[in-house]
Amino acid sequence: MIGLEWSEALEQPNGATAASPAEARRAWVHRAPEAQVLALYRAASAAEPALPAPWWLRAVASGGLGSRREGFLIEDRVAKLLDARPGWVFVPWGVDGDSGYWEYMPSERMLAEPGMPTTLAHTDRHGGWIDVVRVHAGPAPAPTAVGGLADLRSNLSRLESLRP
């Protein structure tokens with residue numbers, strides 16, 4: 001039963017396609033009292049350790065982030081930076097519960113065959129909270145850890161020019 005309850009907590013209501021992470025935050029996990037979300041996540045993840053969950057929730061549960069609001073602020077600051085750059089497109093459907101990811105569409109021109117453009121996603125894998133996967137065809141390469149918004153801002157041109 002806990003798995004079903006968690007699945008419902010992640011479910012996005014029908015509506016317009018989100019154009020930003022803020023617009024993609026419509027599920028129960030994004031709106032319900034944070035203490036309730038954290039309690040349900042801990043109970044559900046005890047039963048299923050590989051449980052799909054937003055990056056910020058895993059970070060809050062592990063103590064890496066102090067609150068869901070901090071995670072939202074990180075997403076919103078990255079969105080502001082990427083929205084101002086040509087070529088970056090927000091993709092609102094990501095892993096269950098997450099607020100989507102970003103693709104750098106001009107990077108696809110480097111491929112001789114269909115593949116994936118350079119992709120930026122939030123992660124709880126490290127304290128910079130941002131991973132970039134370079135443009136590729138075939139199996140995905142290992143993600144490049146970005147050390148936060150300042151590192152992203154100062155290295156964005158280099159990340160946009162990553163080659164397959």
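Structure shown above.
One structure accompanies this document, and this report is about it. Note that the coordinates shown come from a computational prediction; the quantities given were computed from them, not determined experimentally.

**Re the packing of helix H5 (residues 55–62) against helix H6 (residues 68–83)**
Part 1: At a minimum axis distance of 9 Å, the contact between H5 and H6 shows a crossing angle of 140 degrees. Between H5 and H6, the crossing angle belongs to the class labelled oblique. Note that H5 runs across H6; the crossing there is right-handed. Judged by residue contacts, Trp 55, Trp 56 and Val 60 of H5 engage Arg 68, Gly 71, Phe 72, Ile 74 and Glu 75 from H6.
Part 2: Of the residues belonging to the contact of H5 with H6, the class tally is five nonpolar, one polar and two charged.

**Structural notes on the sheet that holds strand E3 (residues 118–122)**
Think of a sheet as strands paired side by side through backbone hydrogen bonds, with each pair either parallel or antiparallel.
Part 1: Taken in spatial order, the five strands make up an open sheet running E1-E2-E3-E4-E5, and their pairing is antiparallel. Bordering the open sheet on either side are strand E1 (88–91) and strand E5 (144–146), each of which pairs with just one other strand. The mean angle between the axes of side-by-side strands here comes to 25 degrees, regardless of whether they run parallel or antiparallel.

**Notes on the pairing of strand E2 (residues 101–104)**
Part 1: The alternating pattern of E2 places Tyr 101 and Glu 103 on one face and Trp 102 and Tyr 104 on the opposite face, and all of these are buried.
Part 2: Bridge analysis of E1 against E2 gives four bridges, and the strand direction is antiparallel. The partner of Val 91 across the bridge, within E2, is Tyr 101.
Part 3: Note that E2 and E3 share three bridges and pair antiparallel. If you follow Tyr 104 over to E3, its bridge partner there is Thr 118.

Criteria and cut-off values
- Residues numbered from 1 in each chain as written.
- Predicted model: local features only at pLDDT ≥ 70, side-chain atom pairs only at ≥ 80, totals over all residues.
- Heavy atoms only, no water.
- Axes fitted to C-alpha atoms, helices over the stretch in contact; angles between N-to-C directions.
- Helix = DSSP H or I, 4+ residues; strand = E, 2+ residues; numbered from the N terminus.
- Parallel < 35°, antiparallel > 145°, perpendicular 65-115°, else oblique.
- Left-handed = near helix turned anticlockwise from the far one by under 90°.
- Contact = heavy atoms within 4.5 Å.
- Nonpolar A, V, L, I, M, F, W, Y, C, P; charged D, E, K, R; others polar.
- Pairing = 2+ DSSP bridges.
- Buried < 20%, exposed > 50% of the residue type's maximum accessible area, 1.4 Å probe, protein only.

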